[in-house]
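What follows is each chain in one-letter form.
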Amino acid sequence: MAQKMDVRCEVTVREFIRAWRRAFKKCNPRFKIRGYKLKTNSLRYQCFNELSACVNCGIKGSHVNIELAMDTGQTRPHANMYAYNECGHPILLTKDHIVPKSEGGSDLMSNLITMCSKCNQLKSSNKISKALMRKINKIKERSRKCSR
Ligand SMILES: [Zn+2]
């Protein structure tokens, strides 16, 4: 369900990924975006670094909001990536388990990929197609090369 979010600031995907990469390379546990401190080791941010678009439909992340979930009493801001659909509505991009946790899938980066919330909902009960799996394997292969 859509949560009520208190948006503190909006940055471009580029600005966000750059700041995250600098901290990740230096092994800094936190990085700063416009004065907000965020956790570097978030798997979600690692997914966004690997692919800032939905692996399934290809919708591209346009901006990152630094926000607080209002109804959870959360006090620590975190970053959410959004894309705009053809109607101009923001669509949340998030990390998705390739092999679902319910089927023994791990929380390692090798089992995580960026997907939009729409595709994620459609996928939930269905298996990933062979074509999509090939696409995912290519992305994983590329990021393995980059991290060497
Ligand atoms: Zn999608």
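This text goes with the structure placed above it.
Q: What should I look at first to understand the overall build of the protein chain in this one?
A: The helix and strand tally for the protein chain stands at four helices and seven strands. Across the protein chain, helices and strands are ordered from the amino to the carboxyl terminus as β-α-β-β-α-β-β-β-β-α-α. The C-alpha radius of gyration computed for the protein chain amounts to 15 Å, which stays within 12% of the reference 15 Å derived for 148 residues, consistent with globular compactness. Along the first, second and third principal axes, the C-alpha set of the protein chain runs to 45 × 40 × 30 Å. The burial tally for the protein chain puts 21% of its 148 residues in the buried class. For the protein chain, contacts bridging at least 24 residues in sequence account for 57% of all contacts bridging at least 6.

Q: Honestly, the nonpolar core in this entry has me stumped. Any pointers?
A: Taken as a class, soluble globular proteins show a tendency for nonpolar side chains to be buried jointly. Membership of the largest hydrophobic core comes to 22 residues, with the highest contact counts inside it found for A79, I113 and C116. If you list the elements that add at least two residues to this core, you get α1 (13-25), α2 (43-50), β4 (61-69), β5 (78-84), β6 (90-97) and β7 (112-116). Among the elements that make up this core, the one with the highest residue count is β7 (four residues). The contacts of A79, once residues within four sequence positions are left out, are F16, L38, Y45, V64, N65 and I66.

Q: Just checking my understanding: could you explain the packing of α1 against α2 for this structure?
A: Between two packed helices, the angle of one axis relative to the other and the distance separating the axes together describe the packing. In the contact formed by α1 and α2, the axes pass within 10 Å of each other and the chain directions differ by 115°. Accordingly, the angle class assigned to the pair α1 and α2 is roughly perpendicular. With respect to the hand of their crossing, α1 and α2 are arranged in left-handed fashion. Contacts from I17, W20 and R21 in α1 reach Y45, F48 and N49 in α2. A class-by-class count of the residues in the contact of α1 with α2 yields four nonpolar, one polar and one charged.

Q: Looking at this model, I keep getting lost on the sheet that holds β5. Mind explaining?
A: In any sheet, the strands associate via hydrogen bonds between backbone groups, in a parallel or an antiparallel arrangement. Ordered by their spatial adjacency, five strands build an open sheet running β1-β4-β5-β6-β7, and the pairing between neighbours is antiparallel. Of all strands in the sheet, those with a lone pairing partner are β1 (5-12) and β7, marking the two edges. Across the sheet, the axes of successive neighbouring strands diverge by a mean angle of 40°, strand direction being ignored. Note: β6 against β7, five bridges, orientation antiparallel. What sits directly across from L93, in β7, is C116. This element, α1, spans β1, β4 and β5 of the sheet and lies at about 85° to β1.

Q: Can you walk me through the environment of N137 in this structure?
A: Assignment of secondary structure puts N137 in helix α4 (residues 130-146). Classification of N137 by C-beta neighbours within 10 Å gives exposed; the count is 11. The spacing of N137 and N120 is 17 residues in sequence and 18 Å in space, taken between C-alpha atoms.

What counts, and where the lines are drawn
Residues numbered from 1 in each chain as written. Predicted model: local features only at pLDDT ≥ 70, side-chain atom pairs only at ≥ 80, totals over all residues. Helix = DSSP H or I, 4+ residues; strand = E, 2+ residues; numbered from the N terminus. Rg over C-alpha atoms; globule rule 2.2 N^0.38 Å. Buried ≥ 20, exposed ≤ 12 C-beta atoms within 10 Å, placed from the backbone. Contact = placed C-beta atoms within 7 Å. Core = buried A, V, L, I, M, F, W, Y, C linked by C-beta atoms within 7 Å. Axes fitted to C-alpha atoms, helices over the stretch in contact; angles between N-to-C directions. Parallel < 35°, antiparallel > 145°, perpendicular 65-115°, else oblique. Left-handed = near helix turned anticlockwise from the far one by under 90°. Nonpolar A, V, L, I, M, F, W, Y, C, P; charged D, E, K, R; others polar. Pairing = 2+ DSSP bridges.

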